[in-house]
Every structure is written in structure tokens, then in C-alpha cells.
Amino acid sequence: MYYFSDVNWKVKANDRPYHQQPQFKKKVFLCIKKSRYSGNAIKTYKYNVLTFIPLNLYEQFKRAANLYFLALLILQIIPQITTLPWYTTLIPLVVVLGITAIKDLVDDLARHRMDKEINNRKCEVLLNGSFQDSRWRQIQVGDVVRLKKNDFIPADLLLLSSSNPNSLCYVETAELDGETNLKFKMGLRVTDEMLQEERQLADFDALIDCEEPNNRLDKFLGMMQWNGERYPLELDNMLLRGCKVRNTDVCHGLVIFAGGDTKIMKNSGKTRFKRTKIDELMNYMVYTIFAVLILVAAGLGIGHTFWYEQIGSKAWYLYDGLNYNATYRGFLSFWGYIIVLNTMVPISLYVSVEVIRLGQSKFINWDLQMYFAEKDTPAKARTTTLNEQLGQIQYIFSDKTGTLTQNIMEFKKCTIAGQGKSPENVCCCFQPVDWSWNQYADQKFQFMDHLLVANVKSKKDKDAMEFFKLLSLCHTVMVDNKDGDLVYQAASPDEGALVTAARNFGFVFLSRTQDTITIMEMGQEKTYEMLALLDFNSDRKRMSIILKFPDGRIRLYCKGADTVIYERLSTNTQHQQTTQEALDIFANDTLRTLCLCYKDISANEYEAWSRKHKEAQLVMGDREAALDSVYEEVEKDLMLIGATAIEDKLQDGVPETIATLAKADIKIWVLTGDKKETAENIGYSCSLLTDDMTVHYGEDVNEKLRIRQTTRRRQPPTNFRRARQTPEEPFFTETGKNALIITGGWLVSPFFTLIDFVDMACECEAVICCRVTPKQKANVVSLVKKYKKAVTLSIGDGANDVNMIKTADIGVGISGQEGMQAVMSSDYAFAQFRYLERLLLVHGRWSYIRMCKFLRFFFFKNFSFTLVHFWYSFFNGYSSQTAYEDWFITLYNLAYSSLPVLLVGLLDQDVNDRLSLKFPKLYIPGQQGLLFNYKNFFISLFHGIFVSLIIFFIPYGAFLQTMGQDGEAPSDYQSFAVVTASSLIFTVSLQISLDTSYWTFVNCFAVLGSIAIYFGFMFDIHSAGIHVIFPSVFTFTGAASNALRQPYLWLTILLTVGISLLPVICIQFLYKTIWPSVGDKVRKKYELQMEEKKKKKEPEPFQRGRRSRRSAYAFSHSQGYAGLISSGQSIRRRPTCIHHSAAFRDGAELFVWRN
């Protein structure tokens, strides 16, 4: 039975011309063809010398904002419609494009260097009958290569042989999946026996049929045809590029995939781009601004048409020599105002946002309170685009094992043949078992049941002997002998704990080969022939091994979850009921359980099954399904031996973290593969479930779902859509908190719709989904995202959490005991679950507040700046004349107003980190999106309209029929432009000062520095010297010095700024006194608490005959919010009690959060 529908990849060993045949070529362009087999040279860079400028510009102009300003620049070149010099748009555009291009160039140069270094690495390739040194880039598919210890693997290789027994090869996969623990690969027996010598390898001419190149790191299917025989190939036979050879002196491999076809390169493609809600809202607002710009320009263009018909055409002194009619002039005026008002669409917005996000990411990386000293692991923001989304999380989906718990497994209890064995069965001395009788024992293993140990040592308890023999044989653990000490390398902590327990009880796993397992049974060394290994996966939830005993017996050992084991037990098995009762007790103690069983197989039965197994191993279509079907045939009629119970303790701070997040109105769902009872008890121990909650189980709420379905079916079809649009009755009508506990099987029930499940689950404060697969975890997350439009966060630590992490809006990886795959797929990573509290309530909340404040002010300052042209148009015949000098328009967003608002976006905080954690309710405004939405946008718009109105009309009124003290009239256009521009700079700078909640020296310097830069640049631009050099570019000669020497105009500026800011000051006062925000209330409460503490700390001294007096000054200046925002104690404190790695310490000392 062979299927080749998905197998199109053929590799011939030691035959390069074979892969150049016409049938292996593909068309690349027109009639040009090339080999479908990639060379081994890799290319991760994007640009070269010739393509950098055109390709980078092409990529940047795919952004709508950049393309808009390019079109604007083109319009400014057209003489008939230009109203501003071309440099007013070109300079900001070049600065923005240049900054981005430099960043891209630096990144690409690093990729060039890395590619060159990798492509020029050396290895030995078999050419012309002998091994020769060759560069990686010269390797081709079908080559045989020789690797030595600590060599990197240059391509995806089929392992042929190695210097280790049975062609075992140990590899480190850190570059592939981030895991540092060693994994073993194994060559086929036939290649191990026949391909050890150089001559044998040179004569090797096998043909490999396998799957085409893909990105599946966990799967490989293929078949080797050699000497008339077929041999199945799987992932365990492959050495993947990116790994490093360890603990193996020499190994040989055949190149199957090279260069861009390797699995690591197939995985280097772009991941799904995540965008924040603020990103989406910001884009819609930019579109709104663009629409407003079109409407305003159209209105002003129409205004010019009517003005020219009624006034312009009749005023002889306005004749410009162009015989255009009024309509055409109005059309030109429309495009002129598109140019004049272009600053309504902010060109520097996106660059500023990226700078702020980069800064927020650095603050997360530098936060010492999220640094785990035990493993020298700092927090890591692996993305810079999602920081403000951390302040809007509504649902957290968490794995249990390794995320809420430590994933450090300890064998605690077991039940053997219906008899419980646990620490409760201890002798009166309460001393742990002394393992001195066992030279191989792990002395760190503690067990208290002396009776069980005595039974095993006596060899009288056959069930106990069989129990621990199974644990020592049924596993995939590898062993390494280091200085006489056995070191186990396990695929999971559970398996390592079970093999260690068997080791201490006298059943010591010593070694394994492809076909044998050797153990020490109570002092006697025995070797068992391994006939088949039926490995574990998340669907099977069990693993089995078929062994041939030294006496010729064939036995299958199996261990797995109770749900799958009990379905496959023989009707003759004993102790089912007592074992189930023990399992329930273990689950109530929050222990992880596994059932152990066996089955004796006759030789004839095994031979028949073995033939089917070999056929399934050669299936190329869906080998996993074929193998699962064959496994099912033998894994039945099992005899139960007992069950194990392993303890996985909670991480530090988990209950407190969950309780705090719940107060912040964040709902937490735990998605785990454990038993329902285990998950429920963990839920109580970590404060996810509380005593005041009513817990509902999947079976209990089926009736509620059926009633909802029946009610909906009875609704008339015309009213169904309207009924879905209106809120339905809640599922839980009783008062109080609710929690839901369901199983993975219940999730696929056909008796309810998914939206009903989501509605019901979202009414609960906590949800626990147990017995769920990795795919179901991701499905649950996507359901909440789809039906609730909620911001979701997934957190996990293992490879089984990767789908869930990638599906959520924010993915967080825990660098725990299960490798680094979750971390490498995540957006943020740290070492302990408790750091999630600080990530969300401090960094996330601050990032959200800062970004919202930045965007509100950014839109305001641009509206205030641009709309002055709109008011000016009513007095210049709608002729597209600007109200400011050209260079002021050019530098306003680049130099005069950018730094203060940028620093607010980086450093501002309404309350410090301690208060953010103490009052979780402060987080709720972010979830509700209250700080930045269309309402805030239009407030910024109307605020900008009001300020622009004041900035234009007060100077306009002041300039009407005025006379300076020297007898000169300062009411010229250039002086007016200077006064309006100066008023705008003062207003904008003071407005950001009013909006700043947290003052540091840097903020103060930025505000004062921006004003100083404005005046410095203005006086230089208006100087006679620069006018002499560039007379056509700098035309405001002496305007600033002439205007600003008039006290009358300084009074005008002062009046304009005062009237612009007065309403804002009044509104802020009213809000803080009458409608205070949550933050205002917290600060007030904090100040009152500080006052009370001062009173308690300073008792009133008793003085006879006098009334006690206290200084009102001391009260009014107690340490409170004012002290927090003015102290600036946010940076630079050297840690004194924690030692860190040098690399981390150098960065961390730059920014340390205050306690």
C-alpha cells in the first residue's frame, strides 16, 4: 500500500547531474527555466547596491500617507496652482523617508554580513570518492556531508551513520526552536551497518522519495529505495539546518533540502501582522481628516469662484494678466488649498508613533521588577507595535502547566492494584526514605511511604515490581553518563519524573539503542528487545511500547490519560473502581495523573500486527492517520496496573496576580489538557475560582443552551435578525458571580451554536476548559475575538500553546521548562506569570495613556496650526495665500512642536507604578477605550478650531488701524505672520505643559527648548545675511526684529495666548473638582492617606496651658501627587542586592522604575 500523490521530491545520492534533468526544472520567467532544487546559499537581505533606493522608495510609498505627500509635492511643482514653495513639503518628506531608509539600510547591512558569514562556513563534502573541504554555498542536493562535534548542520540532512552506537546523533536545536536541551536523532539500521567507511559512502546510490519542502518542523515523511528494498523515513531520521551536533564525534548525512528549501528558511517568512485598536482608529481618523480637507478645500474653491465673479474681476489692480474664467480659477484655488491645508494630514505622525513604541518597549526590557534573577531572565518586548494594546486587555487565556504552575514535576503518589501509595502511608518518624541501598538513586528525590519501598525491596509485591518496571521501560527518555552519574534527557518533565521515580525504586534505566532498552532491575541488568514504539501525541494522549522479554514473551506497556485508557481496558481487568476513586482523590489534590496498563501478545498476533505496522510506515499520503489506525488495533483489551500522581506546584504570586487582574475587570480563562477535577482544584488554589462563585459545569448548562435554541427557533424569521441585534436575556439570572468548567469534548457538541457558548461563557467571571487540544485552545480564543470583538491575550510556556499565542491579539511566552517555542512565537516574554500583572497594569496602562494623550495633542496642534489659513482665506479672496512664512510651515512639525509631545508620549504617567498596582480599577478606562475615540478626536478638532480662531482674530483686530510707538504702522502681512506664529508656539507649548502629568527635567527642557529653537531659527531666517545669500528663498528680511521690538505686539501675543488657554484651565478645574476621573480620585485618596500617616508619625507634643497648633503650610505641601510629578525620580538607581549579566545590567541601569 503506497501513495505518492503528495510526493514529488526525489533525491539521488552522490549524483549531481540527476537533479539537473529536464523533468526537475521549473519555469521562472517566460521560457527561462532553472532547477527546482535550490542551491545551499541563502539570501535573507532585501537590497543590493542597485536596488536599495528604488525598492526602498517603492516600499515606503506603499504607505498611503507618504504617497499623499508625494502627490502633494508634484502639485506644488505646477506653477498655476502652487501656493507654497516645493521645499515646504519636500524637506519633511525627505526627513521621514530618510529616517526610515537609514533604519532599513542598517538592518539590511546586518543581514548581508550574516548571510556572508553563513554561506562561507566550511564543511566536508564527498566529491570524487573522497571528502573535501567545501563552502556551505557550494553544497547541492544529493551530496553526502561529514559533520564533527559542535559543527552546525548546513542543510536538511538524512542521517546515514554516526560514530555513536546505532547511529545515534545528539543535536542542539536552540537556533531552530530556542530549546537548549539535547535531542537525539537516529539513522536507519541498514545505513548504520553499511555506511560507515568512506568507500561505502561513495558507492551509496539510494533514491529518496519524500514530501516537498515545507515549514513543518514537527513532521517529515519519506521513503528510501536502496538495493531493491524500501525503508520508511521520518523526522527522527533527519538533521535539520540550524541545529548543532553535540556529544557525537562524527556523523554522515545526505542533503535532502538545501538553502531556501530547508525547514528553517521556510519558517523565516513573515508572520501574521498584528495591529492595535488604536492603529485602526488612527487610520480611520486620518481618512476622516483627508475627507475634511477635501470638503474645506472645495468650499474655499467655490468661495473663490464667487469672489472673483463679484469682486476680483472688477478690481483693475488685481489683474494678473491671465485670462482665466471664474470657474477655472476656483478649480485652481481648490488645488491650492489642498496644498496649503496639507498639514491637517500629519506626515510625522507615523514616525513619531514608532519612536514612542520603541521607547515603551525599551522600558519593558529595562524593568528590573520583571527580571527573574534565578534564571538571569529579563522581560523582553519582542515587538514594538503592540504596547498600548496591553492597556486594553479584556480576556486572558492561560495555559496551566508551566504557566500557572512551575512545571517542575515531583512523583508524589501512586495507586498499584487498587492500593494507594502516598506520603500518608508513612512511619511514625516522618522521615523521608533513605536511598543509600540503591547506588543509582537520585538523592534529591524524596518519598515518604516506607512500606511501598519495603515491598519493592522484598520483591514480594509482583504488582509493584511490574508497576515500576513499566515506568523504566515505557518512555522516550535518553540517558547520558557523566562521570558515573546518570543524566536523563526527557521530552517532558512528567516523563523525567516518572523515570527518576522508577530509578529510585530499583528499576534503573541505563541505556537504549534502536532496538533495545537496558535497565537494572533490583541489581540485575536486563536488556529488552524493543519491537515497536507507539509514540505520544496530543490526539492519542497515550504512548505504548512493545517489548520482547529475555524469556521470549511479548508484552505491550501503555501509559496515558485515564479518559483514553479506560476506554481500552479489558473486561477482565481488576481494580477499575478503586483506581478511579484514587484518581479522583489525586485530582482533588491538584495532582497530574497517568494510568498504567499492559497486554500480553502472542507471537502470531504480533507478526500479523507487525506487517500492518510496516505497511502503515510506508504510507506517503497520510501516514499519521494510517499509523493511528494500526495502533488502535493493538491498544485494546489492556490490563490495568495502577496510576501515578505527580505534583506541579503553583508559581510564586499566581493567586495574588489573578485576584488583582480580576479587580481590573479582566476575565481569565484557563485552557488545559488536565482532568476536570485537577483543573478545578488548581482554579481554587490560584484564586481563579472563589467561594462566592457559583460553578457551572458543561453538563449542567446544556439545558440552558437548549432553551435558548428552542426560543430562537420559535421566533418569526422576519424578527430573527432583529432579535440577534438586540441583547438577549442573560443565561444566568441569579445574582452573584458565576464560573464555568467545561471539557474539550463539550466544545464540539452539536446541541448548541458557538455564539451561544461565547455569550454564556462571557457572562462568567472565570472559565476553565479542560481536556482541550492545542487546536481547541486557538479556536476558543478566536471565538471570543470574533463574537465579542474583545482584546485578547494568550499566555503559555510550551509548544502546545503556540497556536493560542499566535491567535490572540497579544501573545505572551513564559520561558519555563518546556523549551522556548512559546517565547519565540510570542510578542512579549518573561519568566514568571506574576510579571503579567506589572506588564498590563503598569506598562500597558501607561503605554495606552501616553499614546492616547500624544494622539489627542498631535491632532490638536495640527488643527490649531492649519486652520489659521482657513480664517485668513476670508480676507484674501480665498486666493490660497498662506498666513505664515514658508519656513515656519516647513519647520513647525519637525523642530518647533515635536519634542514636547514626543516626551509626553514616552514619559508621562498619571500615577506611579505602585498606585497603578494598588488600584486596579485604573485599568478599566483603557478596556472601554475612553481616552481615545471619535469623541476625543472631535474634541481635539473643535479645540483646534477655537485656538486657531483666537490666534487669527485677536492679532487681526490688534493690527487694524494701529500705530507703533515710533510712528510706524506694524500692520503689514509679515509682522502679522510673525505674531500669529509666535502666539501659536507659545499656546501649543503651554498647552502641552497643562496636559503633562509627570514632570521631569527632560520635559521642562523640551518645552523651553522648543520655544528657544523657534526664536533662534526665526531670527536667523529673517536676518539680512541669509537673505543676501538666498534672496528668493528667505524673503522675510528683518520681519521678526521689526515686529517683536514693539511692546504692543508682545501684549497682543500675551492676550492671544491667555485667551486660548483660559477656557482649558477652567474646564480642567471643573473636571477635577466636579467630575474627577478615576485617576484623580486615586491621587486624592493617596494624598489623604499620606496626610493621615504623617499625623500618626508626628504625635502632638503635650504643652500645658497652650492650644496645640499645626502649620497649615505643612499640610498643603504634604507628599502627594504634586511631589510625584515634580520630583523626576524616575531614572537612575543602581541595584545593590541583585547581580545580573553584564549585558542586561548595562541597559537596565538606564531606566529603573520607582517602587
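Residues numbered from 1 in each chain as written. Predicted model: local features only at pLDDT ≥ 70, side-chain atom pairs only at ≥ 80, totals over all residues. Heavy atoms only, no water.

As named in an unreviewed UniProt entry, the chain is Phospholipid-transporting ATPase, taken from Oryzias sinensis. According to the UniProt record, the Subunit (unreviewed entry) comment for the chain reads "Component of a P4-ATPase flippase complex which consists of a catalytic alpha subunit ATP8B1 and an accessory beta subunit TMEM30A. The flippase ATP8B1:TMEM30A complex can form an intermediate phosphoenzyme in vitro. Also interacts with beta subunit TMEM30B." Turning to the chain, the UniProt record has this under Sequence similarities (unreviewed entry): "Belongs to the cation transport ATPase (P-type) (TC 3.A.3) family. Type IV subfamily." (UniProt positions renumbered as here; feature names shortened; annotations may be inferred.)

Draft legend 1. Structural view of the packing of helix α33 (residues 973-995) against helix α37 (residues 1047-1073). Axis separation between α33 and α37 bottoms out at 9 Å; the angle between their running directions is 30°. By the angle between their axes, α33 is roughly parallel relative to α37. For α33 against α37, the interelement crossing comes out right-handed. Residues Val979, Ser982, Ser983, Phe986, Thr987, Leu990, Gln991, Leu994 and Asp995 of α33 pack against Leu1049, Trp1050, Thr1052, Ile1053, Thr1056, Val1057, Ser1060, Leu1061, Val1064, Ile1065 and Gln1068 of α37. In terms of residue class, the contact of α33 with α37 is built from 11 nonpolar, 8 polar and 1 charged. (Axes fitted to C-alpha atoms, helices over the stretch in contact; angles between N-to-C directions. Helix = DSSP H or I, 4+ residues; strand = E, 2+ residues; numbered from the N terminus. Parallel < 35°, antiparallel > 145°, perpendicular 65-115°, else oblique. Left-handed = near helix turned anticlockwise from the far one by under 90°. Contact = heavy atoms within 4.5 Å. Nonpolar A, V, L, I, M, F, W, Y, C, P; charged D, E, K, R; others polar.)

Draft legend 2. Summary view of the pairing of strand β4 (residues 122-127). With 6 bridges joining them, β4 and strand β5 (residues 130-135) adopt antiparallel strand pairing. Paired with cysteine 123 across the two strands is serine 134, which belongs to β5. In textbook terms, the turn of a hairpin is the stretch between consecutive antiparallel strands, and for β4 and β5 this stretch comprises 2 residues, one of which, asparagine 128, has a positive phi near 55°. Relative to strand β6 (residues 144-148), β4 is paired through 2 bridges, and the arrangement is antiparallel. Across the sheet, valine 125 pairs through a bridge with valine 145, a residue of β6. (Pairing = 2+ DSSP bridges.)

Draft legend 3. Region of the structure containing the sheet that holds strand β10 (residues 207-210). Taken in spatial order, the 4 strands line up as β1-β10-β11-β12 in an open sheet, and their pairing is antiparallel. Whereas interior strands pair on both sides, the edge strands pair on one side only; in this sheet they are β1 (9-12) and β12 (229-233). Averaged over all pairs of adjacent strands, the angle between their axes in this sheet comes to 20°, without regard to strand direction. Where β1 lies against β10, 4 bridges are found, and the strand directions are antiparallel. Looking at β10, one finds that lysine 12 is bridged to leucine 207.

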